[in-house]
Amino acid sequence: MLAWTIYSSFLGVAVLMLLPRTNARLARTVALLTALLGLGFALGGMLDAKIGEVHTITRVPWIPSLGLEYHLAADGISLTLVLLTGLAAVAGILFSWNIEHRAKEFFAFYLALIGGVYGVFLSFDLFLLFVFYEIAIIPKYFIIAIWGSTRREYGAMKLALYSFVGSAMVLIGLVAAYVVSGGHTMSIFELAKFPFPHGFQMWAFPLVFVGFAILAGLWPFHTWAPTGHVAAPTAASMLLAGVVMKLGAYGCLRVAMTLFPEGMAPWGTHILGFGSWRDVFSLLAVIGILYGALVALVQKDFKFIIGYSSVSHMGFVLLGLMTLSQVGMSGAVLQMFSHGLLAGLLFAVVGRMVYDRTHTRDLADLQQMDLGTLFPFTAVIFTIASVASMGLPGFSGFVAELQVLLGAWQAFPTLTVVSGLGLLVGVAYMLRALQRVFFADREPAPVAARSSGNGHLSLEPISIPERLGAVLLVGVSLAIGLYPRLLLDWIIPSFNSGLFGGLPKGPP
Amino acid sequence: MVTALVVLAADLLALRDLELRFRLSIGALISIAGCLVSAGWMLALPQHADFFQGTLVADSLRELVKIALLVLTIFTLLLSIETNFTSHVGEYFALILLAASGMMFLVSSEDILMIFLSLELTSLSLYILTAFNKRSVQSAEAALKYFLFGGVSAAFTLFGLSLLYGLSGSTNLAQIAAAIRGPGLDPLLAAAIVMTVIGFGFKVAAAPFHLWAPDVYQGAPIPSAAFIASGSKVASFFVFARVMMLGFKGAEGGGGWHAYRPGWIPVLAIVSLASMVLGNVAALAQSSVRRLLAYSAIAHGGYMLLGVMTQAPQSLAALMYYAVTYGLTALGAFGVVSVVQEMSGGDRLVDFAGLSRRAPAVSLCMLVFMLSLAGIPPLAGFFGKFYIFAQALSGPADGMGMLWLVILAIAMSAVSLYYYLQVLKQIYIVEAPAPIRSLPAPVLSQVPLVLLALAVVALGCAPEWLVGKFTAAVKLAGL
């Protein structure tokens, strides 16, 4: 059943391509139905699967002469992320209801991207995983470059090249692993069991990890993220932050850490105070948390704030992975889910609810507009989203970040304190944005401002699809925040399966 | 099996005074029929024969390559139907067929004398095909350049081959290999290796012997350029690999990072490196799509050389898979260029602006071709690269010795995405210039393009079909 998430998305692409070019409404409806279908299949698949084991969906030989298989499977981690993809896809389409320009192509690229993402999360053959991973790159380029805003061609090309360089690094590692293991199989199960030589793991791990982490926004390879997010149309920013960055983090966990666990073992010597690749990457993750938050604090563009906040939040994911403890890693997966929802929501508010109506994202301009009174619904949603993203208890972000920090405390106490600082700065930039955009103290001349700028009143009201999308995202985040076991029951047992057997256990 | 083509070519001369378009169609149809007949013949009656001690060999591997060449020829002929650059239809088709038969002789031969002869037959036909547009100065210039470079390189090849003959006393590849096998590398043999590499390097347009390629790709009539990029490439790479793998067996040397030993592999490694770097970097700066394709062809030549160098059991299968799929893709890309040239009168990048709104089907085909060339899965180009790289690393001698070259190749393919996206950017993103001359793309020329695009997608999604055939044939041939 889960496999149909992939097939239905690509079928949707095919149907869209056959539709007449002018009918945007039809294209939207088809796309929404496809996304809903995908979400339905994801939910159905979750009910079908058993907790705590890897559930093989399809396994047939694909290229027998090279030992490559078409192998779809899912464990709790994949299921969590598939569900996230389903939610983000539906929400993204609801928030791009106003696309009129070449709508059919837009939704076709959009669904192709979604299909690729589902595929990555469900592939248990590395070759297949890589194929889906690359399928997801190209639609991003077109979506951003055709329907984007600020410096869209630059942002799109930068994003495409960063992704492709990352995937080139991954490809080197994968081809090498395939050859070293004898050239019979690319199955994750088989390769996770294969004892790669220590020296090989020592260079293959950082290569593949960084290759994937580029897409997860690891500092200093994050620079594609803010420009890409800002340039992208709303739905694409939601997907980029919500799902595509998770592809990178998922790859780090599923491929780099599973295949080459010894790559994280100590080097035996200290270089510049680092004792292992683990130390290096956890430091980079913390720098990402802090740097993203500090840069977000001084942005003038509303969307850049959210863009840099994504870098900061993804730092928590990578830090959680590097703890290697169960609580930290499951926190990281939960953070992927939570950030997927919340970043999606924040981008939806900025891109669709604010920018599409006011045509500016400059904080100083927005301050003059009194958006809090004009769009009460938007203000409420943004307030909820921002406190949730600050880590208010009751929302998913709190549970996730708490778990990451708990795990990190055992592994790297100093770094944990620093990343706690990042949380504080996070509160500061979100409150700053919230206050300046929605609750600014304006000069006491509201009547004059309104009569002079008639445009303010003619702003289009918040539409039904937008309300639905926002409520959907907030609701899920609240549900997970109040009862995190909904997902943790899926995630935690997955770490006990044989796949992660090679990881060095516990705090060092 | 080859004579059928030549006889058929003569028939065309009878159709002198019919209308041009009609003659084009008739000529193409007859030629296609000839190709089909010979392909069907090979399929129906597989032969295993060895004429004149290896002068002409027929086995399943060669038949497979020849069928692939015929398929490429058929598509070239289909592309030619819509052209209007010449009134000498008969001669034109005859030359294409002659070149195709030259390539097939080239593939069949295991004797250096015969290899040289068929190489010349192919090259001479291609020189004339390049010059066939008599109204264009560019075409003549390109042909002259091609001819001069070709002549010099033929001299190099001949020199290298005669040195080989002098060293071994035989013209048969296997006997040469037996004669030259020894512990050290004879200086004469080193000279022979370098000369031969130069000669073949020219044929496959590897840097630094590539100088003719951009001019020819740009100046030649499009079907000729497409044929040079596809068929000629497949045949030359096959024979190149045979000469190196079989003829110079025992003089491989080692190209590993830490394991350098003199031999032909280090020479090829350098040529391959130069081609990848130069091809990809120079393509970044092109404003003409045809020149861009030329530099990309040089870069792809570099990747394919990687396949020549490796001596894993399946490396020849990997190489041929790559060469054939590349040939199909390049043909398709040239086909799109030809359509665009008819519609907007040029092949510069800006002439492609807004194509997706004027000709959606053609644009979609171009999307497939460009992404396949860039190596994006699930298209054929990606699988070809994966296959070649995996084989390159699993060579027996120094295992991971080729890793440095593979890393470079993968890094360079990341560079290449940029210029392929530049083309697609023009097609899909840039708006068309204000007065859209909405010339509808001719339907007939879309059919082969769509077929080619489908083939590229199908071979990428289900590569097992072709790979299985090649591996079986290679095994059968005992390589």
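Not measured: the values here are computed from a predicted model.

J.: Describe the overall build of chain B, listing the residues and the values that go with them.
T.: Scanning chain B from terminus to terminus reveals 20 helices and four strands. Evaluated residue by residue, chain B yields a buried proportion of 61% over its 479 residues.

J.: Tell me about the overall build of chain A, and please be specific about residues and values.
T.: Check the secondary structure of chain A and you find 22 helices and two strands. Relative to its length of 508 residues, chain A is compact, with a C-alpha radius of gyration of 22 Å against a globular reference of 23 Å. C-alpha atoms of chain A, sized along the principal axes, occupy 75 × 55 × 40 Å. For chain A, with 508 residues in total, the buried portion stands at 62%. Of all intrachain contacts in chain A linking residues separated by at least 6 positions in sequence, the fraction that spans at least 24 positions is 81%.

J.: Give me the nonpolar core: which residues, what numbers.
T.: Core analysis: the largest hydrophobic core is formed by 390 residues, its most contacted members being A:Val175, A:Ala216, A:Leu318, B:Leu69, B:Leu319 and B:Val406. Residue contributions to this core peak at 20 residues, all from helix H14 (residues 315-344) of chain B. For B:Leu319, the contacting residues outside a window of four places in its chain are B:Phe237, B:Ala241, B:Met304, B:Gly307, B:Val308 and B:Ile388.

J.: Could you give an account of the pairing of strand E2 (residues 68-74) of chain A, naming the residues involved and the relevant values?
T.: Counting buried positions along E2(A) yields six of seven residues, so the element is predominantly enclosed. The antiparallel hairpin formed by strand E1 (residues 55-63) of chain A and E2(A) contains four residues in its connecting segment, where A:Gly67 sits at a positive phi of about 75°.

J.: Can you explain the packing of H14(B) against helix H17 (residues 380-393) of chain B? Please cite residues and give values.
T.: Residues and elements named next belong to chain B. At their nearest, the axes of H14 and H17 sit 9 Å apart, and the two run at 155° to each other. Relative to H17, H14 is oriented roughly antiparallel. The element H14 and its partner H17 pack so that their crossing is left-handed. Only Ala-380, Gly-381, Gly-384, Tyr-387, Ile-388 and Gln-391 of H17 make contact with H14, whose side of the interface consists of Ser-315, Ala-318, Leu-319, Tyr-321, Tyr-322, Thr-325, Tyr-326 and Thr-329. Here the residues of the contact of H14 with H17 sort into eight nonpolar, six polar and no charged.

J.: Explain the packing of helix H7 (residues 152-180) of chain A against H17(B) to me, using residue names and the numbers behind them.
T.: Packing of H7(A) against H17(B) leaves a shortest axis separation of 9 Å and a crossing angle of 50°. The angle between the axes of H7(A) and H17(B) places the two elements in the oblique class. Crossing of H7(A) over H17(B) shows right-handed handedness. Counting all contacts with H7(A), which are made through A:Val175, A:Ala176, A:Tyr178 and A:Val179, the residues of H17(B) involved are B:Phe386, B:Phe389, B:Ala390 and B:Leu393. Split into classes, the residues belonging to the contact of H7(A) with H17(B) amount to eight nonpolar, no polar and no charged.

J.: Residue-level account of helix H18 (residues 396-411) of chain A, with values.
T.: All names here are of chain A. With 16 residues, H18 should reach 22 Å at 1.5 Å per residue; the first-to-last C-alpha distance of 23 Å fits that figure. Listing the buried residues of H18 in full gives Ser-396, Gly-397, Val-399, Ala-400, Glu-401, Gln-403, Val-404, Leu-405, Gly-407, Ala-408 and Ala-411. Buried residues belonging to H18 abut helix H13 (302-323), helix H14 (326-358), helix H17 (376-390), helix H19 (413-438) and helix H21 (464-482).

J.: Let's hear about the interface of chain A and chain B: which residues, and what values?
T.: Contacts between chain A and chain B engage 25 residues on the former and 27 residues on the latter. Looking at the side of chain A that touches chain B, the elements that each hand over two or more residues are helix H5 (126-135), helix H6 (137-147) and H7 of chain A. Among the elements that line the side of chain A that touches chain B, the one with the most residues is H7(A), at 12 residues. Partitioned by chemical class, the residues of the side of chain A that touches chain B number 22 nonpolar, two polar and one charged.

J.: Mind laying out the pairing of E1(A), listing which residues take part and the relevant values?
T.: Direction of pairing for E1(A) relative to E2(A): antiparallel, over a ladder of seven bridges. Looking at E2(A), one finds that A:Pro61 is bridged to A:Glu69.

J.: Before we move on, can you summarise unusual backbone geometry with the specific residues and values?
T.: At the junction of A:Trp219 and A:Pro220, the peptide bond is cis and its omega measures out at 0° in the coordinates. Backbone torsion omega between B:Pro377 and B:Pro378 reads 5°, so that peptide bond is classified as cis. Considering the arrangement of structural elements, one finds B:Pro378 in the loop between helix H16 (360-374) and H17. A positive phi is found at A:Leu324, a non-glycine position, where the angle reads about 65°. Mapped onto the fold, A:Leu324 is located in the loop between H13 and H14. For A:Leu324, a count of 23 C-beta atoms within 10 Å gives the class buried.

J.: Provide a residue-level description of the confidence of the model for chain A, including the pertinent values.
T.: Across chain A, pLDDT averages 82, with 94% of residues at or above 70. For the stretch residues 447-457 of chain A, pLDDT sits under 50, and the model shows four contacts to residues farther than four places along the chain or on other chains.

J.: Describe the environment of B:Val239, listing the residues and the values that go with them.
T.: Residue and element names in this part refer to chain B. By secondary structure assignment, the location of Val-239 is in helix H11 (residues 231-247). The class for Val-239 is buried, based on 24 C-beta atoms found within 10 Å. Here the alpha-carbon distance between Val-239 and Ser-272, two residues 33 residues apart in the chain, equals 17 Å. Discounting chain neighbours no more than four positions away, the residues touching Val-239 are Leu-106, Val-107 and Ile-115.

Criteria and thresholds
- Residues numbered from 1 in each chain as written.
- Chains lettered and ligands numbered in written order.
- Predicted model: local features only at pLDDT ≥ 70, side-chain atom pairs only at ≥ 80, totals over all residues.
- Helix = DSSP H or I, 4+ residues; strand = E, 2+ residues; numbered from the N terminus.
- Buried ≥ 20, exposed ≤ 12 C-beta atoms within 10 Å, placed from the backbone.
- Rg over C-alpha atoms; globule rule 2.2 N^0.38 Å.
- Contact = placed C-beta atoms within 7 Å.
- Core = buried A, V, L, I, M, F, W, Y, C linked by C-beta atoms within 7 Å.
- Pairing = 2+ DSSP bridges.
- Axes fitted to C-alpha atoms, helices over the stretch in contact; angles between N-to-C directions.
- Parallel < 35°, antiparallel > 145°, perpendicular 65-115°, else oblique.
- Left-handed = near helix turned anticlockwise from the far one by under 90°.
- Nonpolar A, V, L, I, M, F, W, Y, C, P; charged D, E, K, R; others polar.
- Expected span 1.5 Å × (residues − 1).
- pLDDT = per-residue confidence, 0-100.

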